[in-house]
Amino acid sequence: MLFRSGGALTAGPICAFTFTIVGGRLVDRYGSRRVAVCGSLVTPVALGWPLLFLSERPDYWWSAAPAVGLFGVAWASTMPSLQSGILREVPAAVYGEANAAFNTVRNVAGAVGIAAALAIVGPRDRPDPMAAYDRVWLCSFVAVTLGMLTVVLLYPSDRRDR
């Protein structure tokens, strides 16, 4: 059972790996901001997909696989682009500090998100697990949409675009 669950999620890392290669070339050609903005636009679609199509009737290829794959593409085009864009803006002498700060914020945000998800889901014996799942997914959708708006509206343009 564990192998099947892990296998079902492999579409995300496969899409992320594949698109990281493509995304790097796109960053070289168009700049990190454009690639990060496009990736951040895909993230709400990836998290919105299960809200629209996931139900108690199992249908992995329609309800889950597209979301997992899209999230892999979104991550691969957003996170490396944001990180390379940030490092491009700081002097080489502080690459380590800038990279550490970026990853610390990313990891703390992930930990807070997991804690929030567990608090929203509630106890193991909850009466309606699908309603709890929907609440968590909706909160995640709102969070990534706010993140997308932050990238789209506030992320600075690349130096070559200025």
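Predicted, not measured: the structure shown is a model, and the values here were computed from it.

Rules and cut-offs
Residues numbered from 1 in each chain as written. Predicted model: local features only at pLDDT ≥ 70, side-chain atom pairs only at ≥ 80, totals over all residues. Heavy atoms only, no water. Axes fitted to C-alpha atoms, helices over the stretch in contact; angles between N-to-C directions. Helix = DSSP H or I, 4+ residues; strand = E, 2+ residues; numbered from the N terminus. Parallel < 35°, antiparallel > 145°, perpendicular 65-115°, else oblique. Left-handed = near helix turned anticlockwise from the far one by under 90°. Contact = heavy atoms within 4.5 Å. Nonpolar A, V, L, I, M, F, W, Y, C, P; charged D, E, K, R; others polar. Expected span 1.5 Å × (residues − 1). Buried < 20%, exposed > 50% of the residue type's maximum accessible area, 1.4 Å probe, protein only. Salt bridge = Lys/Arg side-chain N within 4 Å of Asp/Glu carboxyl O. Core = buried A, V, L, I, M, F, W, Y, C linked by side-chain atoms within 4.5 Å. Polar contact = N/O pair within 3.5 Å; in protein donor to acceptor, adjacent residues only side chain to side chain.

A. Region of interest: the packing of helix 5 (residues 95-121) against helix 6 (residues 129-154). Helix 6 packs onto helix 5 with a crossing angle of 150° between their chain directions and a minimal axis gap of 9 Å. Comparing their axes, helix 6 and helix 5 come out roughly antiparallel. For the pair helix 5 and helix 6, the sense of crossing is right-handed. Where helix 5 approaches helix 6, its residues Ala 117, Ile 120 and Val 121 are matched on the opposing element by Ala 132, Arg 135, Val 136 and Cys 139. Here the contact of helix 5 with helix 6 is built from residues that sort into six nonpolar, no polar and one charged.

B. Local environment of helix 2 (residues 11-30). The end-to-end C-alpha distance of helix 2 is 27 Å, a good match for the 28 Å that 20 residues give at a rise of 1.5 Å each. Residues of helix 2 that are buried include every one of Gly 12, Ala 16, Gly 23 and Val 27, and no others. Residues of helix 2 that are buried sit in contact with helix 3 (32-53) and helix 4 (60-88).

C. Expanded view of the pattern of salt bridges. Applying the stated criterion to the full structure yields one salt bridge. Arg 57 is the partner of Asp 59 in a salt bridge, and the nearest nitrogen-oxygen pair spans 3.8 Å. On the basis of relative accessibility, which here comes to 27%, the residue Asp 59 falls in the partly exposed class.

D. Local environment of the nonpolar core. One finds Ala 36, Val 37, Met 79, Leu 82, Phe 102, Val 151 and Tyr 155 forming the largest nonpolar core, which totals seven residues. Those elements giving two or more residues to this core turn out to be helix 3 and helix 4. For Val 151, the residues in contact, after removing those within four places along its chain, are Arg 33, Ala 36, Val 37, Ser 40 and Leu 82.

E. Spatial organisation of the side chain of Asn 103. You can see Asn 103 is positioned in helix 5. Looking at Asn 103, the relative accessible area reads 19%, which means it is buried. A distance of 2.9 Å separates the side chain of Asn 103 from the side chain of Arg 106, its partner in a polar contact.

F. Fine view of the packing of helix 2 against helix 4. Taken N-terminus to C-terminus, the directions of helix 2 and helix 4 make an angle of 35°; their axes are 8 Å apart at the nearest point. Once helix 2 is placed against helix 4, the crossing between them reads as right-handed. On the side of helix 2, the interface is formed by Ala 11, Gly 12, Cys 15, Ala 16, Phe 19, Thr 20 and Val 27, while helix 4 contributes Tyr 60, Val 68, Gly 69, Gly 72, Val 73, Trp 75, Ala 76, Ser 77, Ser 81, Ser 84 and Arg 88. When grouped by side-chain class, the residues that make up the contact of helix 2 with helix 4 number 10 nonpolar, seven polar and one charged.

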